[in-house]
Amino acid sequence: MNNIKEKYQIAIIWVTIFPDLMGVTLIIPFINEFVEQLGGDERHAGFLLASYALMQFIFAPVLGKISDKYGRRPILLFGMVGAFIAFLIFGFANQLWLLFASRMLAGLANANISVAQAYIADITTREERAGKMGIIQAAFSLGFIVGFPIGGVLAQQFSVATPSLLAAFLSLTNGFFAYFFLPESLKPENRISEKLSLNPLSIAKHSLKNIIEYFRKPIFRPLLIIFLLYSFAFSILHVTFVEFDREYLEMNPQEIGFIFMYIGIVGFVIQMIAIKPLVKKFGEQKVMFLGFLAMATGLTITPMVDHMNWLFLTSLFVAGGNSLLAPTATAIISQKGSESEQGVILGVTQGLGSLGRIFGPPYGGLTYHGIHMMFPFISSAIILIGAVIYYLISKLNIR
């Protein structure tokens, strides 16, 4: 009976977060064009992406902590309503500052992904947590598969506002669905009792305090650092991969979209099918290391290809490595925390992921054009290998 209830809850949480994640990918294909229509350029588009990640960085730990006190369900509902308003503003924006306002609100709303992960942690055992965390990653991948082409087609055939309005509708529908069907997962006895301030400055201060607090704990520090390094290295691709495809392989947007769809399919298949048996056989740590090495291999060979067909091989390494790494690293971090701190530690983790995504894309763009097109790819691979070495040395020191 408990197993049936768990499967039901996981299915519901998946259905409730997937439309929000798809909504994020819907607007990716035309952000640059929309920014140009409102008088901006590539620099503004870069800062626009950074503003989203910045809000996630600030608010993910706080939303996680609030969910540890009041439960997961109200925070998840808050995120869906926030996403609806953000996409609505984005769709009707007629000034550049409105785009920034909408993406910052969307970053705050989607900071509740860590709460969805805490929800999974609430209803699963520690042994099966990595496999279930893969379901969250699968929602990312499937949202990528579906969102990217739909956003491009709608923007091309209708207007750049159309995908945003569709995303707003999905978030609103999603909120109604979650309100009626999503049960609370956090038991009253596992909730924290401390008082929490909702003042924005206090929230920012509290977020930094949470991150510093967990960085000081030897049991968490190595894991949090390698998660930060992984997020930084992977987010470099947001700029360099597309630029490399366009400039050196002379691919058009449709071909690039097809590659991204393939990346999403690889991630979805691995996260839904391969994670659980691999973890069962080898354990979370070895699977995480395999993900680091696969990603490093893919990043190293990507700038060496001379035809788009080879990208199917290099993307297999990169997407496959990411799909193995993210859920296992998250699960290991979750396993280190107590039942009453799942929200805050997973919020800290996602906040660090956002921090990596703030600095990764600018680093990729600057080094791609300022040094050499291979530099961001190779340096990312070195960062990933260095992260593994650091983690192994840290474990030896802790012992």
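These figures come from a predicted structure and were not determined experimentally. (Residues numbered from 1 in each chain as written. Predicted model: local features only at pLDDT ≥ 70, side-chain atom pairs only at ≥ 80, totals over all residues. Heavy atoms only, no water.)

S.K.: Whenever I open this one, the environment of I192 confuses me. Can you help?
M.R.: When you line up the elements, I192 lands in the loop between α8 (161-181) and α9 (200-215). On the accessibility criterion, I192 (17% relative accessible area) is buried. Considered as a pair, I192 and K65 are 127 residues apart in the sequence and their alpha carbons are 8.7 Å apart. (Helix = DSSP H or I, 4+ residues; strand = E, 2+ residues; numbered from the N terminus. Buried < 20%, exposed > 50% of the residue type's maximum accessible area, 1.4 Å probe, protein only.)

S.K.: Can you help me understand a nonpolar patch on the surface in this one?
M.R.: On the surface, a nonpolar cluster with roughly 690 Å² of combined accessible area is contributed by Y8, L172, F176, Y179, F180 and F181. Per element, the largest residue contribution to the nonpolar patch is five residues, and it comes from α8. Summarising the element assignment, L172 is placed in helix α8. A residue is classified by how much of its surface remains accessible, and L172, at 35% relative accessible area, is partly exposed. (Patch = residues over 30% accessible without salt bridge, like charges linked within 9 Å, V, L, I, M, F, W, Y side chains within 5 Å. Areas by Shrake-Rupley, 256 points an atom, 1.4 Å probe, with all protein chains shown as cover. Salt bridge = Lys/Arg side-chain N within 4 Å of Asp/Glu carboxyl O.)

S.K.: Sorry if this is basic, but what is going on with the packing of helix α4 (residues 72-92) against helix α5 (residues 96-109) here?
M.R.: Packed helix pairs are specified by the crossing angle of their axes together with the interaxial distance, meaning the distance between the axes. Contact geometry for α4 and α5: axes closest at 8 Å, N-to-C directions at 165 degrees. Compared by their axis directions, α4 and α5 come out roughly antiparallel. Handedness of the α4/α5 crossing: left-handed. Packed against α4, whose contacting residues are F78, G79, G82, A83, I85, A86, F87, I89 and F90, the element α5 presents L98, L99, S102, R103, L105, A106, L108 and A109 at the interface. Tallied by class, residues from the contact of α4 with α5 come to 13 nonpolar, three polar and one charged. (Axes fitted to C-alpha atoms, helices over the stretch in contact; angles between N-to-C directions. Parallel < 35°, antiparallel > 145°, perpendicular 65-115°, else oblique. Left-handed = near helix turned anticlockwise from the far one by under 90°. Contact = heavy atoms within 4.5 Å. Nonpolar A, V, L, I, M, F, W, Y, C, P; charged D, E, K, R; others polar.)

S.K.: Even after reading the chapter, I still don't get the nonpolar core, so can you show me in this structure?
M.R.: One recurring pattern in soluble globular proteins: nonpolar side chains tend to sit buried together. If you look at the biggest cluster of nonpolar residues, it comprises 51 residues, and the most contacted ones within it are L224, Y230, M288, F292 and L384. If we ignore the near neighbours within four places in the chain, the residues touching M288 are I226, L325, T328, A329, I332 and Y391. Counting 47 residues, the second-largest nonpolar core is a separate cluster that includes W14, A139, V160 and L170. (Core = buried A, V, L, I, M, F, W, Y, C linked by side-chain atoms within 4.5 Å.)

Just geometry here; none of it tells us what the structure is for.
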